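Architecture at a glance
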Amino acid sequence: MTVPPLPGLRYLAGLVGAFVPFAKTREARAVSGDSRLSIGERYTGRDAYLTQVEGAARALVGQRFLLADDVVAVRQRAAAAWDAVAVR
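Below: a short report on this structure. Computed from a predicted structure; not experimentally measured.

Under the 1.5 Å per step criterion, the end-to-end length of helix H5 (residues 71–86) is 22 Å for 16 residues, consistent within 8% with the ideal 22 Å. Among all positions in H5, only Val 71, Ala 78, Ala 79, Ala 81, Trp 82, Ala 84, Val 85 and Ala 86 are buried.

Here it is, written out as C-alpha cells:
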C-alpha cells in the first residue's frame, strides 16, 4: 500500500517514526487492502472525532497523565490532524 505524504503532519515523523492514516471510506480501504476500519466507519464526522479525542484527554487528566490545561492543545492538534487526513 502506497500512502502519499501529508505535509500538514510532518511533526509526527519525529515523534513516532511513521504514520499511516486510515482510509477515508470503506470503499477506499477495500481498494487499498487495508484491514483497519476507515475514518467514515469509525466516526460520523469531525465533531464526533474531536468529542472522542477530548473525552480521552479528559480521562487522562483524571488519571493524572495529562494536565487539564493541555486538553485544549490536544483537541487543537487532533483537529489539525483530522483536517490534514480526512479533508485531503
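Additional details are given in the paragraphs that follow.
Moving on: the nonpolar core. Membership of the largest hydrophobic core is limited to 10 residues, which are Ile 39, Tyr 43, Tyr 49, Leu 50, Val 53, Ala 78, Ala 79, Trp 82, Val 85 and Ala 86. For this core, the secondary structure elements donating two or more residues are helix H4 (46–62) and H5. Considering every element that reaches this core, the biggest residue donor is H5, with 5 residues. Ignoring sequence-local partners within four residues, the contact set of Ala 79 consists of Arg 46 and Leu 50.

For the rest of this paragraph, the subject is the packing of aromatic side chains. Overall, the coordinates contain 3 aromatic pairs when judged by the stated rule. Residues Tyr 43 and Tyr 49 carry aromatic rings whose centres are separated by 5.0 Å and whose planes lie at 75° to one another, so their mutual orientation is edge-to-face. Residue Tyr 43 shares its accessibility class with Tyr 49, and that shared class is buried. Clustering of aromatic rings is evident, with ring pairs tying together Tyr 43, Tyr 49 and Trp 82.

Here is what the cut-offs are and how they apply
All residue numbers refer to position in the chain's written sequence, counted from 1. Only residues with pLDDT of at least 70 get local features here, since the model is predicted, and only at 80 or more are side-chain atom pairs given and counted; chain-wide, interface and lining totals rely on the full set of residues. The basis for every side-chain value is the complete set of non-hydrogen atoms in the structure, without hydrogens or water. Strands here are runs of E lasting at least two residues and helices are runs of H or I lasting at least four, both read from the DSSP assignment and numbered beginning at the N terminus. Working rule for helices: expected span equals 1.5 Å times residues minus one. Whether a residue is buried, partly exposed or exposed follows from its accessible area with a 1.4 Å probe, protein chains only, as a fraction of its type maximum: under 20%, in between, or over 50%, in that order. Residues grouped as a nonpolar core are buried Ala, Val, Leu, Ile, Met, Phe, Trp, Tyr and Cys residues, joined through side-chain atoms within 4.5 Å. In what follows, a contact means two residues having at least one pair of non-hydrogen atoms within 4.5 Å. The pairing test for Phe, Tyr and Trp rings, Trp by its six-membered ring, is centres within 6.5 Å, and the orientation test on the planes gives stacked under 30 degrees, edge-to-face over 60, and tilted for anything in between.

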